[in-house]
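Each chain, letter by letter, is given below.
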Amino acid sequence: MTASASPTDTQAAIHIVDDDAGLRVALDGLFRSVGYRTRLFGSAAEFMASNATEAAGCLVLDVRLPDISGLDFQRQLSDAGIAMPVILMTGHGDIPMSVRGMKAGAIDFLPKPFRDQDMLDAVAAALERDRAQRAERRGSADLHARLETLSPRERQVVALVTNGLMNKQVAHGLGLSEITVKIHRGNAMRKMDAKSLADLVKMAEMLRLKP
């Protein structure tokens, strides 16, 4: 059964980097036929010179490029903090290189010639990873923003409480009354939108909050 783009894919694009113009056009037609957006590049340099590096989507990348090997380019992207999921395309004899690419985090590698459905399946997996990564980054940014709303004392109380200390122990350690600790804890939970202490503990772990 042929895959088709979901509504959540409409803003994402498949970025095709290959010096073979014929293959670029063929892939463009394949992806557009099932509703995906595409952007085409003849080299790694073209891709880097565009505004595509921060865009939602995935990268369909040939292992053999004229200006740089696909594996070196994949490493450059990672070193630059560009987390766009990569699908590698490889010609005959490039399998060991592609295994290296998979170990470096590529979603899949497809030996040429590949089946259309295999490429569509790989792209679907790459777009799903991109969505998950972006959602995680948004969640982390939101959590840090909420943390910034806490007062220094509320942050201290959260760090201690989520490290397993009882209110009485926190009060003793900070030289406060237990009721004051409870007020700070309640205010912090409200600001962090934590429904329970377990929620607050998970947030503190994500924020790597230490006493």
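The coordinates are above.
Bear in mind that the values here come from a model prediction, so they are computed numbers and not experimental data.

About the cut-offs
Residues numbered from 1 in each chain as written. Predicted model: local features only at pLDDT ≥ 70, side-chain atom pairs only at ≥ 80, totals over all residues. Heavy atoms only, no water. Patch = residues over 30% accessible without salt bridge, like charges linked within 9 Å, V, L, I, M, F, W, Y side chains within 5 Å. Areas by Shrake-Rupley, 256 points an atom, 1.4 Å probe, with all protein chains shown as cover. Salt bridge = Lys/Arg side-chain N within 4 Å of Asp/Glu carboxyl O. Lys, Arg positive; Asp, Glu negative; His and termini not counted. Charge placed at Lys NZ, Arg CZ, Asp CG, Glu CD. Helix = DSSP H or I, 4+ residues; strand = E, 2+ residues; numbered from the N terminus. Buried < 20%, exposed > 50% of the residue type's maximum accessible area, 1.4 Å probe, protein only. Core = buried A, V, L, I, M, F, W, Y, C linked by side-chain atoms within 4.5 Å. Contact = heavy atoms within 4.5 Å. Pairing = 2+ DSSP bridges. Axes fitted to C-alpha atoms, helices over the stretch in contact; angles between N-to-C directions. Arc of directions from axis to C-beta.

### As for a negative patch on the surface
No. 1: Taken together, the side chains of D19, D20, E46 and D67 define an acidic patch exposed on the protein surface.
No. 2: The residue D67 is located in the loop between β3 (57-62) and α3 (70-79) in this model.

### Some points on unusual backbone geometry
No. 1: In this model, K112 is joined to P113 through a cis peptide bond whose omega is -5°.
No. 2: One can find P113 in the loop between β5 (108-111) and α5 (116-147).
No. 3: At D193, a position not held by glycine, the phi torsion is positive, near 60°.
No. 4: Note on placement: D193 falls in the loop between α8 (178-192) and α9 (197-207).
No. 5: Of note in this structure, R208 is not a glycine but carries a positive phi near 55°.
No. 6: Among the structural elements, R208 can be located in the segment after α9.
No. 7: Exposure remark for R208: the relative accessible area of 72% places this residue in the exposed category.

### Topic: the nonpolar core
No. 1: Ranked by internal contacts, the top residues of the largest apolar core, which has 22 residues, are L27, F31, V60, I87, M119 and V123.
No. 2: Contributing elements (two or more residues each) for this core: β1 (13-17), α1 (21-33), β3, β4 (86-90) and α5.
No. 3: The element contributing the most residues to this core is α5, with six residues.
No. 4: Other than its neighbours up to four places away in sequence, V123 contacts I14, F31, Y36, C58, V60 and I87.
No. 5: If you look at the next biggest cluster of nonpolar residues, it comprises 19 residues, including A44, L71, I82 and A106.

### Some points on the sheet that holds β5
Within a sheet, neighbouring strands are paired by backbone hydrogen bonds and run either parallel or antiparallel to one another.
No. 1: Taken in spatial order, the five strands of this open sheet run β2-β1-β3-β4-β5, and their pairing is parallel. On the outer flanks of this sheet lie β2 (37-41) and β5, each paired with one strand and no other. Looking at each pair of strands side by side, their axes are set apart by 20° on average, direction ignored.
No. 2: Bridging between β1 and β3 involves five bridges; their strand directions are parallel. What sits directly across from H15, in β3, is L59.
No. 3: The strands touched by α1 are β1, β2, β3 and β4; relative to β2, the strand with the most contacts, the crossing angle is about 170°.
No. 4: Packed on one face of the sheet, α5 meets β1, β3, β4 and β5 and runs near 135° to β3.

### Some words on α9
No. 1: When we look at burial in α9, the residues that qualify are L200, M203, A204 and L207. Taken end-on, α9 shows its buried residues confined to a sector of 100°, consistent with a single buried face. When the buried face of α9 is taken as reference, the exposed residues oriented beyond 90 degrees from it are K202, E205 and M206.
No. 2: At its buried positions, α9 is contacted by α5, α6 (152-161) and α8.
No. 3: The positive-phi residue at the C-terminal boundary of α9 is R208, with phi of around 55°.

### Comments concerning the environment of G91
No. 1: Its location among the elements puts G91 in the loop between β4 and α4 (95-103).
No. 2: In sequence terms G91 and P113 are 22 residues apart; their C-alpha atoms lie 7.9 Å from each other.

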